[in-house]
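The primary structure of each chain is shown beneath.
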Amino acid sequence: MKLQRKNGLRATALGALAISGALVLTACGSDDNAGGTGGSGEKTDAASNVKCEGAKGQLLSAGSTAQKNAMDLWVKNFQAACSGVEINYQAIGSGGGITKFNQGQVAFAGSDSALKPEEVTESKKICKTGQGINLPMVGGPIAIGYKLTGVDNLVLDAPTLAKIFDSKITKWDDAAIKKLNPDAKLPSTTIQAFHRSDESGTTQNLGKYLSEAAPADWKYDPKTKSWPAKGGQAANGSSSVASSVKDTEGAIGYFELSYATASKMSTVKLNTGAAAPVEATTENASKAIGAAKIKGTGNDLALSLDYKTKVDGAYPIVLVTYEIACDKGNKAETLPTLKAFLNYAVSEEGQKVLADADYAPLPAEIATKVREIVPTLS
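Residues numbered from 1 in each chain as written. Predicted model: local features only at pLDDT ≥ 70, side-chain atom pairs only at ≥ 80, totals over all residues. Heavy atoms only, no water.

Caption draft 1: Examining the packing of helix H5 (residues 158-165) against helix H7 (residues 201-213) more closely. Running from amino to carboxyl end, H5 crosses H7 at an angle of 125°, the nearest separation of the two axes being 9 Å. What the angle tells us is that H5 and H7 run oblique. Note on packing geometry: the crossing formed by H5 with H7 is left-handed. Residues Ala-158, Leu-161, Ala-162 and Phe-165 of H5 form the contact with H7, whose own contacting residues are Leu-206, Tyr-209, Leu-210 and Ala-213. When the residues that make up the contact of H5 with H7 are grouped by side-chain class, the tally is 8 nonpolar, no polar and no charged. (Axes fitted to C-alpha atoms, helices over the stretch in contact; angles between N-to-C directions. Helix = DSSP H or I, 4+ residues; strand = E, 2+ residues; numbered from the N terminus. Parallel < 35°, antiparallel > 145°, perpendicular 65-115°, else oblique. Left-handed = near helix turned anticlockwise from the far one by under 90°. Contact = heavy atoms within 4.5 Å. Nonpolar A, V, L, I, M, F, W, Y, C, P; charged D, E, K, R; others polar.)

Written out as structure tokens, the structure is:
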């Protein structure tokens, strides 16, 4: 099956989604594997359609913190179904995951941005007969969370966000913020802007949005995974940024939506030029992800996202997390487990649970292509 790479995927994205915004993942990482297993390979009700397909032993992986809550769900269900299997995912950031992958320390890496050409070249040393490829697995909005007592409905636009994160707007009652929120009682509180201290695809996606939607105010390299601006406060990983914002009056930061939802944190609505400000929801993110085009070649499914969309209801600060694996040259001892786990993650059931954790399931056309590629990994 060949994809029409120029074809917008909005319609398929909406068809693929059954969003349940009221469902929130709060502590999946600490949940027990309810129900357990009934013996080798026996499936539980929680993971009734998981196919273990020879999976065994331990599978090491690392990377994106933005997908951690989704990974926790997948790992829980997969291990409940497949006796004796351990999927070890370290949420250390996209940059750290890619480094570990290209050093041969993990079977796959999670990254919120596609491999750079030089990273693909480096991967050939590990993949031997092949190379690292980008397999989209989960999508969702990057929420801009904040803590400002008395203000629970905040609207910002790209230029204002750029100036806040670049330390050019430092007070909450700044004229630019007042103009966007004429009815809000904005205090003169100092803005505490938090960013990631580790290399992060989430940072990169936010940077791409600011570069494209506010080019006059954000002049940093949009390809960097490291925070480029001076000032602000740093924290390691999405969870630490979210907890820092939650605990700090006047704070603002960026992270995957599930962290904001789990903390019951207020999030910014974006003035994109559409008819009304757009809220960070999985459904609104899907409208932006659905317009993505595939820019990868062959079995590589790297996507090109439209950060400047003004479509009504489309939330443009989005990310798609890729699982990065060798197309050929995988280690024989971990290959069956790698394929079985990724097959489950991209399956209809694996994608369906994403909405429970405030992620957006893949558009149907992309999911179909990933399902065709995973079984061919060798």
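Caption draft 2: Quick look at the pattern of salt bridges. One pass over the full model with this rule turns up 6 salt bridges. For Asp-217, the salt bridge is made with Lys-163, and the minimal N-O distance between the two is 4.0 Å. Taken together, the residues Asp-217 in the loop between H7 and strand S7 (233-235) and Lys-163 in helix H5 connect sequence positions 54 residues apart. Under the relative-accessibility criterion, Lys-163 is labelled partly exposed at 30%. Across the salt bridge formed by Asp-198 and Arg-196, the nearest N and O atoms sit 2.8 Å from each other. (Salt bridge = Lys/Arg side-chain N within 4 Å of Asp/Glu carboxyl O. Buried < 20%, exposed > 50% of the residue type's maximum accessible area, 1.4 Å probe, protein only.)

Caption draft 3: Broad picture of the state of the cysteines. A full pass over the atoms with the stated rule returns 2 disulfides. Cysteines bonded in the protein are numbered consecutively along the chain; their disulfide partners then correspond to 1-2, 3-4. (Disulfide = S-S within 2.5 Å.)

Caption draft 4: The layout of surface pockets, seen in detail. Reported here for the largest pocket is a volume of approximately 440 Å³. Together, 19 residues line the largest pocket, and Ala-114, Gln-204, Lys-208, Lys-223 and Lys-295 are the ones closest to its centre. Those elements that provide at least two residues to the lining of the largest pocket are H7, strand S12 (303-304) and strand S13 (318-326). At 4 residues, H7 tops the list of elements feeding residues into the lining of the largest pocket. Its residues assigned to classes, the lining of the largest pocket comprises 9 nonpolar, 4 polar and 6 charged. (1 Å grid on protein atoms, 1.4 Å probe; cavity = no way out; pocket = protein on both sides within 12 Å on 5 of 7 lines; lining within 4 Å. Points joined across faces, edges and corners; volume = space filled by probe spheres on them.)

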